[in-house]
Amino acid sequence: MTTQPILLNEDEIEALRREVGTSTLMGKTIASHIKDVEAFMALPLDVPGHGEAGGYEHNRHKQNYTYMNLAGRLFLVTQDDKYAKFVRDLLAMYAEKYLTFDFHVQKNTNPTGRLFHQILNEHCWLMFTSLAYSCVASTMSEQERQTVIDRVFDPMLDMFTVKYGHDFDRIHNHGIWAVAAVGICGLAVGKPEYLEMSVYGLERNETGGFLAQISKLFAPSGYYIEGPYYHRYAIRPLCVLAEVVHRHMPELDIYNYKDQVIGNTVQALLSTAYPNGEFPALNDASRTMGITDMGVQVAVSVYSKHYGMNDNILGMAKIQDKVWMHPCGLELSNAYEAAVAERKIGLPFIPSVELNEGPNGDRGAQGFVRMQDKTGDVSQLVMNYGQHGMGHGNFDTLGISFFNRGQEVLREYGFGRWVNVEPKFGGRYLDENKSYARQTIAHNAVTVDQTCQNNFDVAKADSVHGLPHFFKVDDERINGMSAFANEHYDGLGMQRSVFMLNLDELEAPLLLDLYRLNGEGEHQYDYSHQYQGQVIRTNFDYQANQELHTLGDDFGYQHLWNVASGQVDGPALVSWLQNNQYYTWLGTSTQQQGEVIFTRTGANDPSFNLRSEPAFLLRAKGKSTLFASVLETHGYFNEEFEQSVNARGQVDNITVIGSNEIASVVEITTKSSTVTVMVSNNASATDATEHNVEFNGKTFSWTGFYSLEIANQSSQEK
């Protein structure tokens, strides 16, 4: 068996040791880890039995492996045996107790472990604990090492590769943790055959294992099938195992494998983040995860070592203010210090990007469009036109979210789950995750006939995907994207084209949204917007409902209170205040007549599992329709000083000039100009395609996917 650290050699340890007590990123990281580990070490050691998922026992095992992992490396860096003793003593307690625990009493949809209610958490425990063991093994006697191996590590290896062998090669974030845990533990206990198994799969044929995972879960763009929330979770074992393979199987050249898929996927994850560093809640997701997550810190450090530095990577390090306590992190720390000595490091500005989906990049995409205003504030528009996202996928193809002024404006609900709040179903996914959070109506999309895309059938959803139309971000005045989703509702084609317009008279980019639905027969279309804040005004009368009733009986509608509604004939206006910022939405449809309904979550929720959040929808009925709307960011409100500026905005009207299979044309009127936007609806169009359409006796002509014309009021008067 080996007694050498898996991820560090003597020269690297010495280099890290020189950072202790310094003010560098690495020095601050080490100091922070010392503070946290010593605070935990001051508590009595405990290896508890079974408890609720997310409860004390669950969290204590998680804390144990977290601090063992850090303490192991702190022992190497500081040479202080108290850290090694902490790891040795905890390992001895686990060796004494582990086999006395039966498999967990709490059942989940995943196989159970002896420590946790699902083996995913046991994989995490084994990976981190194996790394800690490899750091302190040289301080243990032969008998101490063998006891831990016989009573903890070998039983776990057998459980993961034999008892649950059917789950080991699963192409999933669980699978990445499984192969990382088994491969690293195998090296730690002197059984490198387990690393080979982890890399190539149980049958050594690459249908499973690490190479299959990174080949199948990540698109050529690097986008991860389950979305950013699970991407940041999977990125840590991916990067740690990659570094292990790099050091112990150099012949694989893992960092160049599959056109540098590891580097691509790190960049893709960072490219999804909002300007404040938080990740959009695509698919099942917490709304609070961001680039400061420890897994992302590891990923940024690995990227900087193996793929090079750039200002955005340095900007990420500035936000994180920490690095991985490893030679990869030291590389980033040194580069950051050198850059700071020469210039001011700014926050990262990630360019707009379209990330294709699927192993071959042919299953749709996710679009991220960014535009700065005159003050430097970044607006970000996100649209989902990719694939379902496996078991964690939501049914919201063509859904969007919008961010500016430091906040998400058109919001994602996120998952239905109270993580680690054990009274809420043990912190696991709640029933409302399926009955509301994943339903189409919970997103900023159009829901047809009060049903869900693909009828909430996962197998059906996995078989279809969005079809990209265009992604154009090379014009200072207009940036946008468009896509089709023609198989998500039976007999109905959908196309969404969304833009940000940079107009001189406006304070921030104007969001323009064109959502086209085309089919046979009469349908009800609910064009929904999830917002946060206080409604300020509307341009239509509405009736508040004194007795609340649900908006429907199924597909998420059963959880929505019908709070108020009003009939509209022409463009409807809804304006609200979110924190100190005003937003005004102005929308219409080709039907003109419709209904605006204000809703709030909380119906049929006896356990109060849902957050109480507002939304409004524009309802139209017909065979086919085009919804056209704009969202203006304007003004300022300061409650402390009782100041309100430009509370009404500059946009006066939006009109659908016409829409057919060839194109859609809309006109936006502001107080000083008339803006005409012409968009191709031809799925086979290219940059060279000539368009000619006639609406109301006027011909509109342009080349390419879209055209923008702006006429100011003075020129119109002449």
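Residues numbered from 1 in each chain as written. Predicted model: local features only at pLDDT ≥ 70, side-chain atom pairs only at ≥ 80, totals over all residues. Heavy atoms only, no water.

- Per an unreviewed UniProt entry, the protein chain goes by Heparinase II/III family protein and derives from Vibrio ulleungensis.
- Of the comments in the UniProt record for the protein chain, the one headed Subcellular location (unreviewed entry) reads "Periplasm". (UniProt positions renumbered as here; feature names shortened; annotations may be inferred.)

**Focus on unusual backbone geometry**
So, step 1. At N283, a residue that is not glycine, the phi angle is positive and equals roughly 65°.
So, step 2. Within the fold, N283 resides in the loop between α12 (257-271) and α13 (294-306).
So, step 3. For N646, which is not glycine, the phi dihedral falls at a positive 50°.
So, step 4. Along the polypeptide, N646 turns up in the loop between β21 (643-645) and β22 (651-659).
So, step 5. Note on N646: relative accessible area 27%, which makes it partly exposed. (Helix = DSSP H or I, 4+ residues; strand = E, 2+ residues; numbered from the N terminus. Buried < 20%, exposed > 50% of the residue type's maximum accessible area, 1.4 Å probe, protein only.)

**A look at the environment of Y56**
So, step 1. Assignment of secondary structure puts Y56 in helix α3 (residues 56-78).
So, step 2. Exposure remark for Y56: the relative accessible area of 44% places this residue in the partly exposed category.
So, step 3. Taking the C-alpha atoms as reference points, Y56 and N420, 364 residues apart in sequence, are found 9.3 Å from one another.
So, step 4. Setting aside residues up to four positions removed in sequence, Y56 forms contacts with D46 and P48.
So, step 5. Among the polar contacts listed, one links the side chain of Y56 to the side chain of D46, at a separation of 2.6 Å. (Contact = heavy atoms within 4.5 Å. Polar contact = N/O pair within 3.5 Å; in protein donor to acceptor, adjacent residues only side chain to side chain.)

**A few points about the state of the cysteines**
So, step 1. In total, this model carries zero disulfides according to the counting rule given.
So, step 2. Cysteine C124 is unpaired, with the sulfur of C185 as its nearest cysteine sulfur at 14 Å.
So, step 3. On the basis of relative accessibility, which here comes to 2%, the residue C124 falls in the buried class.
So, step 4. Here C328 is not cross-linked by a disulfide; its sulfur's nearest cysteine counterpart is in C239, at 8.8 Å. (Disulfide = S-S within 2.5 Å.)

**Quick word on the domain arrangement of the protein chain**
So, step 1. Domain boundaries in the protein chain define domain 1 (1-169), domain 2 (219-350) and domain 3 (361-717).
So, step 2. Here the C-alpha centroids of domain 1 and domain 2 sit 24 Å apart.
So, step 3. On the domain 2 side, the residues contacting the 25 residues of domain 1 number 22 residues.
So, step 4. With both sides pooled, the region where domain 1 packs onto domain 2 buries about 2100 Å², and carbon together with sulfur makes up 69% of that total. (Domains from an automatic or database assignment. Buried area = accessible area lost by both parts, 1.4 Å probe.)

**Describing the environment of Q546**
So, step 1. If you trace the backbone, Q546 turns up in the loop between β13 (543-544) and β14 (560-569).
So, step 2. The spacing of Q546 and A564 is 18 residues in sequence and 8.9 Å in space, taken between C-alpha atoms.

**Looking at the packing of aromatic side chains**
So, step 1. Summed over the entire model, instances satisfying the criterion amount to 34 aromatic pairs.
So, step 2. Consider the rings of Y515 and Y527, whose centres lie 6.4 Å apart with planes at 65°: the pair is edge-to-face. In this pair, Y515 sits in strand β10 (residues 510-519) while Y527 sits in strand β11 (residues 523-530), placing the two residues 12 residues apart along the sequence.
So, step 3. We classify Y527 as buried; its relative accessible area is 0%.
So, step 4. Each member of the aromatic cluster is reached from another via a ring pair, and the members are Y515, Y527, Y531, F540, Y542, W576, Y583, W585, F598, F616 and F627.
So, step 5. Its end group placed over the ring of F415, R417 keeps NZ or CZ at 5.9 Å from the ring centre. (Phe/Tyr/Trp six-rings, centres within 6.5 Å; stacked < 30°, edge-to-face > 60°. Lys NZ or Arg CZ within 6 Å of the ring centre and 35° of its normal.)

**What about the packing of α3 against helix α4 (residues 81-97)?**
When two helices pack together, their arrangement is captured by the angle between the axes and the distance separating the axes.
So, step 1. Their axes nearest at 7 Å, the elements α3 and α4 cross at an angle of 145°. Relative to α4, α3 is oriented so that their crossing is left-handed. Between α3, through H61, N64, Y67, M68, A71, G72, L74, F75 and T78, and α4, the contact on the second element is made entirely by D81, Y83, A84, F86, V87, L90, L91 and Y94.
So, step 2. Of the residues that constitute the contact of α3 with α4, the class distribution is 12 nonpolar, four polar and one charged. (Axes fitted to C-alpha atoms, helices over the stretch in contact; angles between N-to-C directions. Left-handed = near helix turned anticlockwise from the far one by under 90°. Nonpolar A, V, L, I, M, F, W, Y, C, P; charged D, E, K, R; others polar.)

**Examining the sheet that holds β11**
So, step 1. Read across the sheet, six strands follow the order β6-β11-β18-β17-β14-β13 without closing on themselves; strand pairing throughout is antiparallel. Of all the strands in the sheet, the pair left with one neighbour each is β6 (446-448) and β13.
So, step 2. Relative to strand β17 (residues 593-601), β14 runs antiparallel, the two sharing nine bridges. Residue pairing across strands places A564 opposite F598, the latter belonging to β17. (Pairing = 2+ DSSP bridges.)

**Here we look at the layout of surface pockets**
So, step 1. Size it by volume and the second largest pocket reaches roughly 290 Å³.
So, step 2. Taken together, 20 residues make up the lining of the second largest pocket; nearest its centre are P275, N276, P348, F349 and V378.
So, step 3. If you list the elements that add at least two residues to the lining of the second largest pocket, you get α14 (311-320), β2 (365-372) and β3 (378-385).
So, step 4. Of the residues assigned to the lining of the second largest pocket, the class counts are 12 nonpolar, six polar and two charged.
So, step 5. Counting residues domain by domain, the lining of the second largest pocket receives three or more from each of domain 2 (219-350) and domain 3 (361-717). (1 Å grid on protein atoms, 1.4 Å probe; cavity = no way out; pocket = protein on both sides within 12 Å on 5 of 7 lines; lining within 4 Å. Points joined across faces, edges and corners; volume = space filled by probe spheres on them.)

**Brief notes about the pairing of strand β9 (residues 492-501)**
So, step 1. Buried residues dominate β9, accounting for 10 of its 10 residues.
So, step 2. Of the two faces of β9, the one carrying L492, M494, R496, V498 and M500 and the one carrying G493, Q495, S497, F499 and L501 are both buried.
So, step 3. Pairing analysis gives 10 bridges linking β9 to β10, with the strands arranged antiparallel. Bridging from a neighbouring strand, G493 pairs with N518 of β10.

**Quick look at the UniProt feature "domain: Heparinase II/III-like C-terminal" (unreviewed entry) in the protein chain**
So, step 1. UniProt tags residues 367-624 as "domain: Heparinase II/III-like C-terminal" (unreviewed entry).
So, step 2. A helix fraction of 5% and a strand fraction of 46% characterise residues 367-624, whose end C-alpha atoms lie 26 Å from each other.

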